[in-house]
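Remarks on the overall topology
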Amino acid sequence: MIELYHNAQSRAVMIHALLEELGVPFALRNVRYDDGSMRSEEFLSLNPMGKIPTLVDGEVVVAETAAVAVYLADRYKTPCDLAPNIEDPRRGEYLKWVVFQSTGIDAAMTQASVKFEIPRSHAGWGSTEVVVGVLRQRLAGADPYLFGSWFTAADLLLGMGLSWGFQFGLFPEHPELTRFAARVRERPAVERALSSSQSESTET
């Protein structure tokens, strides 16, 4: 069975939602930030960065949110297919948006939160304004998702990433972005993962 090392206050919630969408058996291994478990020898043997999400699938160990998403969506294509195959011409754009959650949205949220300035030429994401502008342009054409009615792992990562940006006041709530984030958040699988995370947060 798939094991997801998880915390309700982390990006692992995205992978939890993805597993719910895929409909495959999995178990959550909840770890805390404050008890040293993420720095234990056992956990560091799985992920030397001591970060979550970390996924174990038999003998396969995958870390980093985008990498875990790509692995799962490629490995488990039934009962739900959430990724274009390598031969599909949509594959390139799909991969771009999966990775953009980490390289674009996360970086832009960090910049907006800490309010640091860096020359655009030195920042892989450009700037928070550039990231928001690129998202507005692409998501204005989402109908309702990036590839029409086909919901993919890229939609899930972008929608949940945007939701966090709005929750913490780090992204402006432009209609193109809020509509897309709401569509993703309203999916039953995403609602289940978020509800589980809220329950976990309440218990701890």
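What comes next concerns the included structure. (Residues numbered from 1 in each chain as written. Predicted model: local features only at pLDDT ≥ 70, side-chain atom pairs only at ≥ 80, totals over all residues. Heavy atoms only, no water.)

Digging into the overall build of the protein chain
Here is the rule: Starting at the N terminus, helices and strands are each numbered in turn, a helix being any DSSP run of H or I of at least four residues and a strand any DSSP run of E of at least two. Atoms counted for the radius of gyration: C-alpha only. Globule rule: 2.2 Å times residue count to the power 0.38. Whether a residue is buried, partly exposed or exposed follows from its accessible area with a 1.4 Å probe, protein chains only, as a fraction of its type maximum: under 20%, in between, or over 50%, in that order. Throughout, a contact is declared for two residues whenever any of their heavy atoms are within 4.5 Å. Using a 1.4 Å probe, accessible areas were evaluated by the Shrake-Rupley method; residue-level cover was limited to the displayed protein chains.
Per the secondary structure count, the protein chain includes eight helices and four strands. From first element to last, N terminus to C terminus, the protein chain shows the α and β order β-α-β-α-β-β-α-α-α-α-α-α. For 204 residues, the compact-globule estimate of 2.2 N^0.38 gives 17 Å, and the C-alpha radius of gyration of the protein chain, at 17 Å, lies within 12% of that figure. Along the three orthogonal principal directions, the C-alpha set of the protein chain runs to about 40 × 40 × 30 Å. Taking all 204 residues of the protein chain together, the buried fraction comes to 50%. Long-range pairs, those at least 24 residues apart, make up 62% of the contacts in the protein chain with a sequence separation of at least 6. When the accessible surface of the protein chain is totalled, it reaches about 10100 Å², and 52% of it is carbon and sulfur.

As for the pairing of strand 4 (residues 60–63)
Cut-off, in case you're wondering: Each pair of strands is called paired provided DSSP finds at least two bridges between the two strands.
For strand 3 (residues 54–57) and strand 4, the ladder comprises four bridges, and the chain directions are antiparallel. Its bridge partner lying in strand 4, aspartate 57 is registered against valine 60. Between strand 3 and strand 4, which pair antiparallel in sequence order, lie two residues; one of them, glycine 58, sits at a positive phi of approximately 65°.

Quick look at the environment of alanine 27
Within the secondary structure layout, alanine 27 lies in strand 2 (residues 26–30). Spatially, the C-alpha atom of alanine 27 lies 42 Å from that of arginine 120, the residues being 93 residues apart in sequence. Residues contacting alanine 27, with those up to four places away along its chain left out, are Met1, Ile2, Glu3 and Leu4.

Some points on the sheet that holds strand 2
Worth spelling out the cut-off: Axis definition: a line fit to C-alpha positions, over the contact stretch in the case of helices; interaxial angles, taken between N-to-C directions, run 0 to 180 degrees.
The mixed open sheet is built from four strands, whose spatial order is 2-1-3-4. For this open sheet the edge positions go to strand 2 and strand 4, each flanked by a neighbour on one side alone. When the angles between neighbouring strand axes are averaged without regard to direction, this sheet yields 20°. The pairing of strand 1 (residues 2–6) with strand 3 spans three bridges and is classified as antiparallel. Bridge pairing in strand 3 places tyrosine 5 opposite threonine 54. Of the strands in this sheet, strand 1, strand 2 and strand 3 are in contact with helix 1 (residues 12–22), which crosses strand 1 at around 155°. Seen against the sheet, helix 3 (residues 65–75) touches strand 1, strand 3 and strand 4 and runs at an angle of roughly 135° to strand 4.

No statement about biological role is implied by the geometric values presented.
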